[in-house]
Amino acid sequence: MTSAETRHEPGRQSVARRLLDSSETLSYDPVREVDWQTPLDETHHGASPEWSTLYGTPYWAELTPAQRRELTRQEAASVASTGIWFEMILQQLMLRDFYAKDPTDPAFQWALTEIADECRHSIMFARGAAKLGAPAYRPRRLVVELGRAHKSFASGEAAYAAILVAEEVLDVMQRDWMRDERVAPFVRTINNIHVVEESRHMKFAREETRARLRGAGWLRRQINSLVVAIASYCIVTSMVSEKVYANAGLDPRRAVREARANEHHKSMLRSSCAGLMEFLGSAGLLTKASAWVYQRANLL
Ligand SMILES: [Fe+2]
Ligand SMILES: [Fe+2]
């Protein structure tokens with residue numbers, strides 16, 4: 001170990017080094033890997049139907065197969081657009097975090113690698129949403145402004161645990177979609193690329209969350225747990241824009257009403273986030289107040 005390296009915590013350093021090695025072995029260039037040329041085949045879904053916000057509702061039962069496919073294509077495009085919004089936040093969180101830090105630290109080099117991944121992901125999601133025939137979906141105004149504040153001021157565990165939540169929530173959906181033959185092949189490729197590269201990001205986010213919380217006092221834990229929970233609420237409730245229903249040719253009022261009451265979708269979210277909640281609990285980030293927010297977001 002050189003003298004420059006001994007300045008850093010050895011555990012954190014070896015994790016970052018392993019992530020760098022892994023990224024060198026297996027990373028993707030979406031411009032080349034994804035089939036952007038073949039026109040969209042409308043016999044495909046955009047997401048696994050079971051993940052549709054309307055799946056299992058009376059409205060879903062009335063939809064024709066073509067309407068269901070158009071709905072999941074709009075929903076997948078909305079998830080991708082929300083992904084872009086959040087990836088822009090997390091790139092800024094990490095850039096700010098590593099500002100003027102030691103470039104010989106593997107964690108520094110990993111952070112830049114992760115930012116480069118996210119930049120490619122956002123371009124990939126943008127092209128994917130366009131190919132799905134979707135307009136720009138953005139979170140509602142209040143959430144956009146809360147995100148602006150978070151990306152400008154959040155640090156430590158408030159930054160890394162929020163990053164982790166966004167990545168975990170996307171991960172479970174995308175693992176289902178990438179294996180599903182009903183989903184358009186180019187969407188499956190996009191999800192596959194994202195799942196592989198994000199598994200390294202999640203590892204880093206977990207490590208950083210734990211490391212930053214070491215020695216954190218009661219008050220700081222209380223405050224940051226709540227910040228992360230509110231960030232999670234904003235992310236999860238922004239995933240599928242309410243505008244998807246009109247764009248899929250549905251009655252938006254009825255669709256929003258039935259989607260909000262959809263117990264099937266809520267239980268999909270809850271069960272997919274069980275591992276994440278366990279981690280937040282073990283890290284000491286599941287306080288009474290934050291648990292209340294997670295329940296409102298149907299994550300707990
Ligand atoms: Fe990403
Ligand atoms: Fe990521």
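*Asks:* Would you mind showing me how to read the nonpolar core here?
*Replies:* Counting 90 residues, the largest nonpolar core has L54, L71 and Y245 as the members making the most contacts within it. Apart from residues no more than four positions distant in its own chain, L54 is found in contact with Y59, W60, L71, E75, Y245, L250, A255, E258, A259 and N262.

*Asks:* Looking at this structure, I do not really get the layout of surface pockets. What am I missing?
*Replies:* Picture a little ball the size of a water molecule; that probe, rolled over the atoms, points out where space is still empty. Its boundaries defined by the atoms lining it, the largest pocket holds a volume of some 790 Å³. Put simply, the parts of the chain that give the lining of the largest pocket at least two residues each are α5 (65-97), α8 (156-179), α10 (218-238), α11 (243-247), α12 (252-260) and α13 (263-272). Of all the elements, α10 adds the most residues to the lining of the largest pocket, at four residues. Tallied by class, residues from the lining of the largest pocket come to 16 nonpolar, nine polar and eight charged. Taken as a whole, the second largest pocket encloses approximately 330 Å³ of empty space.

*Asks:* Help me understand the coordination of the iron ion (ligand 2) in this model?
*Replies:* As a benchmark, a tetrahedral metal site with four donors has ideal angles of 109.5 degrees, while an octahedral site with six donors has ideal angles of 90 or 180 degrees. Donor atoms from the polypeptide that bind the iron ion (ligand 2) are E118 (OE), E167 (OE), E198 (OE), E198 (OE) and H201 (ND1), placed at 1.8 to 2.5 Å. Taken in sequence order, the residues that donate to the iron ion (ligand 2) follow the motif E-x48-E-x30-E-x2-H. Separating the iron ion (ligand 2) from the iron ion (ligand 1) is a gap of 3.8 Å, bridged by E118, which donates to each. Of the two residues, E118 is situated in helix α6 (residues 106-131) and H201 in helix α9 (residues 185-213); the sequence distance between them amounts to 83 residues. Of the two residues examined, E118 and H201, each falls in the buried class.

*Asks:* What exactly am I supposed to notice about the packing of α6 against α9 here?
*Replies:* Packed helix pairs are characterised by how far apart their axes lie and by the angle those axes make with each other. It is at 10 Å that the axes of α6 and α9 come closest, and there the two elements cross at 160°. Judged on the interaxial angle alone, α9 and α6 are roughly antiparallel. For α6 against α9, the interelement crossing comes out left-handed. Note on element contacts: α9 touches α6 through F186, I190, I193, H194, E197, E198, R200, H201 and F204, opposite A107, W110, E114, D117, E118, R120, H121, M124, F125, G128 and K131. Of the residues belonging to the contact of α6 with α9, the class tally is eight nonpolar, four polar and eight charged.

*Asks:* Is there a simple way to explain α6 in this structure?
*Replies:* For the α-helix, the turn length of 3.6 residues means that residues three or four positions removed from each other point alike. Relative to the 38 Å expected for 26 residues at 1.5 Å per residue, α6 spans 37 Å between its end C-alpha atoms, a close match to the ideal helical length. Where α6 begins, the capping side chain belongs to D105, and its oxygen is found 3.0 Å from the backbone nitrogen of A107. Phi turns positive, to about 75°, at G133, one or two residues after α6.

*Asks:* Hey, could you run me through the state of the cysteines in this one?
*Replies:* Two cysteines joined by a covalent bond between their sulfur atoms form a disulfide. Under the criterion given, the structure shown has zero disulfides. A disulfide-free cysteine, C273 has its sulfur positioned 15 Å from the sulfur of C234, the nearest such atom. The buried category is assigned to C273, whose relative accessible area is 1%.

*Asks:* Please clarify how a nonpolar patch on the surface should be interpreted in this entry.
*Replies:* A surface patch of nonpolar side chains, about 340 Å² in accessible area, is lined by L142, L146, L226 and I230. The set of elements that each furnish at least two residues to the nonpolar patch consists of α7 (141-153) and α10. In this fold, I230 is placed in helix α10.

*Asks:* Can you help me understand the environment of E157 in this one?
*Replies:* Inspection of the secondary structure assignment puts E157 in helix α8. Take E157: its relative accessible area is 1%, and that puts it in the buried class. Residues E157 and E50 lie 107 residues apart in sequence; the distance between their C-alpha atoms is 33 Å. Filtering out sequence-adjacent residues up to four positions away, E157 remains in contact with A162, T209, R212, L213, R220, N224 and V228.

*Asks:* I tried to follow the pattern of salt bridges on my own but got confused; where do I start?
*Replies:* A pair can form between side chains of opposite charge whenever their charged atoms are brought close. Taken as a whole and judged by the stated rule, the model has 21 salt bridges. Residues E70 and R73 are paired through a salt bridge, measuring 2.6 Å at the closest nitrogen-oxygen approach. Separated by three residues within a single helix, E70 and R73 lie in helix α5, roughly one turn from each other. Using a relative accessible area of 2% as the deciding quantity, one classes R73 as buried. Here R148 and E145 are joined by a salt bridge, their closest N and O atoms 2.8 Å apart. Of this pair, R148 and E145 both sit in helix α7, separated by three residues, roughly a single helical turn. Taken together, the salt bridges that share partners define one network made up of R12, D97, K101, E208 and R212.

Analysis parameters
Residues numbered from 1 in each chain as written. Chains lettered and ligands numbered in written order. Predicted model: local features only at pLDDT ≥ 70, side-chain atom pairs only at ≥ 80, totals over all residues. Heavy atoms only, no water. Core = buried A, V, L, I, M, F, W, Y, C linked by side-chain atoms within 4.5 Å. Buried < 20%, exposed > 50% of the residue type's maximum accessible area, 1.4 Å probe, protein only. Contact = heavy atoms within 4.5 Å. 1 Å grid on protein atoms, 1.4 Å probe; cavity = no way out; pocket = protein on both sides within 12 Å on 5 of 7 lines; lining within 4 Å. Points joined across faces, edges and corners; volume = space filled by probe spheres on them. Helix = DSSP H or I, 4+ residues; strand = E, 2+ residues; numbered from the N terminus. Nonpolar A, V, L, I, M, F, W, Y, C, P; charged D, E, K, R; others polar. Donors = N, O, S within 2.8 Å, 3.2 Å for Na, K, Ca; no water. Axes fitted to C-alpha atoms, helices over the stretch in contact; angles between N-to-C directions. Parallel < 35°, antiparallel > 145°, perpendicular 65-115°, else oblique. Left-handed = near helix turned anticlockwise from the far one by under 90°. Expected span 1.5 Å × (residues − 1). Polar contact = N/O pair within 3.5 Å; in protein donor to acceptor, adjacent residues only side chain to side chain. Disulfide = S-S within 2.5 Å. Patch = residues over 30% accessible without salt bridge, like charges linked within 9 Å, V, L, I, M, F, W, Y side chains within 5 Å. Areas by Shrake-Rupley, 256 points an atom, 1.4 Å probe, with all protein chains shown as cover. Salt bridge = Lys/Arg side-chain N within 4 Å of Asp/Glu carboxyl O.

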